[in-house]
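The lines below spell out each chain.
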Amino acid sequence: MLTLPDTIRSLAREQQGLVTRRQLYDAGVTSAQVRWAAQRNWRLVHRDVFSLTTGRLDPLQQLHAAQLFAGPDAHLASLSAVRWHGVSAVPDDGVRRFLVPWNRDGRNAPGVAVRRTKRMETRPWYRGPLTVTSPARAVVDAARLLRGDDVRALIFEAVQRRIVRLDQLVVEVEAGAVRGSAAVRAAVEEVAGGAWSLPESDLADVFASSRILPTPLFNPVLTGPDGSALPSPDALFVEAFLAVQVHSRRHHLFEDDWERTLRADTALGAAGIPLMAFSPHTIRSDGARLLQSVERAYLSRLGAVPPPGVIWSRRPV
């Protein structure tokens, strides 16, 4: 059994039981000792990256092993980074993606993709052995790899859950390459317009086709007579003080979100705010009928004022 120096044992604890060949050599472990242990007690995870046990690596260990393989100047990026930051609306293809400086050799391994860039993150996040691109850089880079509604879902979730601010996304999009950014720019513009989810964006498209309805406020800020915050409906036609809500289990990220939506309906009704609710399926499959029902309700209430003490304002983005 190879007895490792204290420096290596301490380093392995910080790195989830993982070390690199270079770290071993720097601590005085010889190549013959590394070879002997790798054949008996260790596991070669990637080229020059060892696990000091032969057991299966958990997801966090796999991520740290990929970071060690990519190198100390590599930044966890793109789809891998947005998942690390907590965004769920991205596919997991099992590949851990990293950025390295342009003058570095980009090298890949099974499950690890290393891409060279001339624009490294200037303020990455350091979390133990991991170096992670900022939320804005991660979201924009990931969005460039996606298509269609996947791009929009990523942008919507990242902003709605306050993983990144809209202004940070705008700066990042402008700083990056123009090529491949059209879908990202469009999704950012949708969020800037007030839509925070795919169904809300679809609802906005339906409303935009109307010759009767004005542009509503999306996700407005409402306060009650006592100054406390009221739930924010998905859309509010101020001219008729008519609220519209999208009800969807699928597009609410967690069960708590669904329960919160139901409580919001109750609270808005108790405050005297009329509410119309629709499902994403109705919005997409029967938008014309939905629009007619909202137009009728709008015309019947046109000129209505907010309930006593209720105050509305635009939500800052």
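These figures come from a predicted structure and were not determined experimentally. (Residues numbered from 1 in each chain as written. Predicted model: local features only at pLDDT ≥ 70, side-chain atom pairs only at ≥ 80, totals over all residues. Heavy atoms only, no water.)

Peer 1: Tell me what's going on with the nonpolar core, and back it up with residues and numbers.
Peer 2: Counting residues in hydrophobic clusters, the biggest one holds 47 residues, and the most contacted among them are Val82, Phe98, Val139, Leu154, Ile155 and Leu169. Core analysis: the second largest hydrophobic core is formed by 20 residues, Leu203, Val206, Ala235 and Ala240 among them. (Core = buried A, V, L, I, M, F, W, Y, C linked by side-chain atoms within 4.5 Å. Buried < 20%, exposed > 50% of the residue type's maximum accessible area, 1.4 Å probe, protein only.)

Peer 1: Residues and numbers for the sheet that holds strand E11 (residues 229–230), please.
Peer 2: Across the sheet, 3 strands lie side by side as E11-E10-E15; this open sheet has antiparallel pairing. Lying at the two open borders of the sheet, with one neighbouring strand each, are E11 and strand E15 (311–313). With 3 bridges connecting them, strand E10 (residues 221–223) and E15 associate as antiparallel partners. Among the inter-strand pairings, leucine 222 is bridged to a residue of E15, identified as tryptophan 312. (Pairing = 2+ DSSP bridges. Helix = DSSP H or I, 4+ residues; strand = E, 2+ residues; numbered from the N terminus.)

Peer 1: Outline the packing of helix H6 (residues 135–145) against helix H8 (residues 166–175), supporting the account with residue identities and numerical values.
Peer 2: Look at H6 against H8: their axes get within 9 Å of each other, and the N-to-C directions meet at 60°. As far as their axial angle goes, H8 and H6 are oblique. Between H6 and H8 lies a crossing whose hand is right-handed. On the side of H6, the interface is formed by Ala136, Arg137, Val139, Val140 and Arg144, while H8 contributes Gln168, Leu169, Glu172 and Val173. When the residues that make up the contact of H6 with H8 are grouped by side-chain class, the tally is 5 nonpolar, 1 polar and 3 charged. (Axes fitted to C-alpha atoms, helices over the stretch in contact; angles between N-to-C directions. Parallel < 35°, antiparallel > 145°, perpendicular 65-115°, else oblique. Left-handed = near helix turned anticlockwise from the far one by under 90°. Contact = heavy atoms within 4.5 Å. Nonpolar A, V, L, I, M, F, W, Y, C, P; charged D, E, K, R; others polar.)

Peer 1: Before we move on, can you summarise the pairing of strand E14 (residues 275–278) with the specific residues and values?
Peer 2: Burial along E14 is one-sided: Met276 and Phe278 are buried, and none of Leu275 and Ala277, which face the opposite way, are. Inspection of the sheet shows strand E13 (residues 242–246) paired to E14 by 4 bridges, in the parallel sense. Counted as the bridge partner of valine 244 is methionine 276 from E14.

Peer 1: So what's going on with the pattern of salt bridges? Which residues, and what values?
Peer 2: For the structure on display, the rule yields 17 salt bridges. Linking aspartate 26 and arginine 22 is a salt bridge whose minimum nitrogen-to-oxygen distance equals 3.2 Å. Taken together, the positions of aspartate 26 and arginine 22, both in helix H2 (residues 21–26) and 4 residues apart, correspond to about one turn of that helix. Each of the two residues, aspartate 26 as well as arginine 22, counts as exposed. Between glutamate 172 and arginine 119 there is a salt bridge; the shortest N-O distance is 2.6 Å. Placement of glutamate 172 in helix H8 and of arginine 119 in the loop between strand E6 (112–117) and strand E7 (125–127) is noted, with a sequence separation of 53 residues between them. Since its relative accessible area comes to 30%, arginine 119 is described here as partly exposed. Connected via shared salt-bridge partners are Arg119, Arg137, Asp141 and Glu172. (Salt bridge = Lys/Arg side-chain N within 4 Å of Asp/Glu carboxyl O.)

Peer 1: Before we move on, can you summarise the packing of aromatic side chains with the specific residues and values?
Peer 2: Here the structure, examined in full by the defined rule, presents 4 aromatic pairs. Measuring from centroid to centroid gives 5.1 Å for phenylalanine 207 and phenylalanine 237, while their planes differ by 70°, and the two rings are edge-to-face. Highlighted residues: phenylalanine 207 in helix H10 (residues 198–208) and phenylalanine 237 in strand E12 (residues 235–237), separated in sequence by 30 residues. Of the two residues, phenylalanine 207 and phenylalanine 237, both sit in the buried class. Their ring planes at 65° and their centres at 5.8 Å tell us that phenylalanine 237 and tyrosine 298 sit as a pair that is edge-to-face. With phenylalanine 237 in strand E12 and tyrosine 298 in helix H13 (residues 287–301), the pair connects residues that are 61 residues apart, well separated along the chain. A single burial state applies to phenylalanine 237 and to tyrosine 298, both of which are buried. Each residue in the set Phe207, Phe237 and Tyr298 is aromatic and connected to the rest through ring pairs, giving one cluster. Its guanidinium or amino end placed over the ring of phenylalanine 69, arginine 107 lies 4.3 Å from that ring's centre, counting from NZ or CZ. Positioned over the ring face of tryptophan 102 is arginine 116, at 4.3 Å from the centre of the ring. (Phe/Tyr/Trp six-rings, centres within 6.5 Å; stacked < 30°, edge-to-face > 60°. Lys NZ or Arg CZ within 6 Å of the ring centre and 35° of its normal.)

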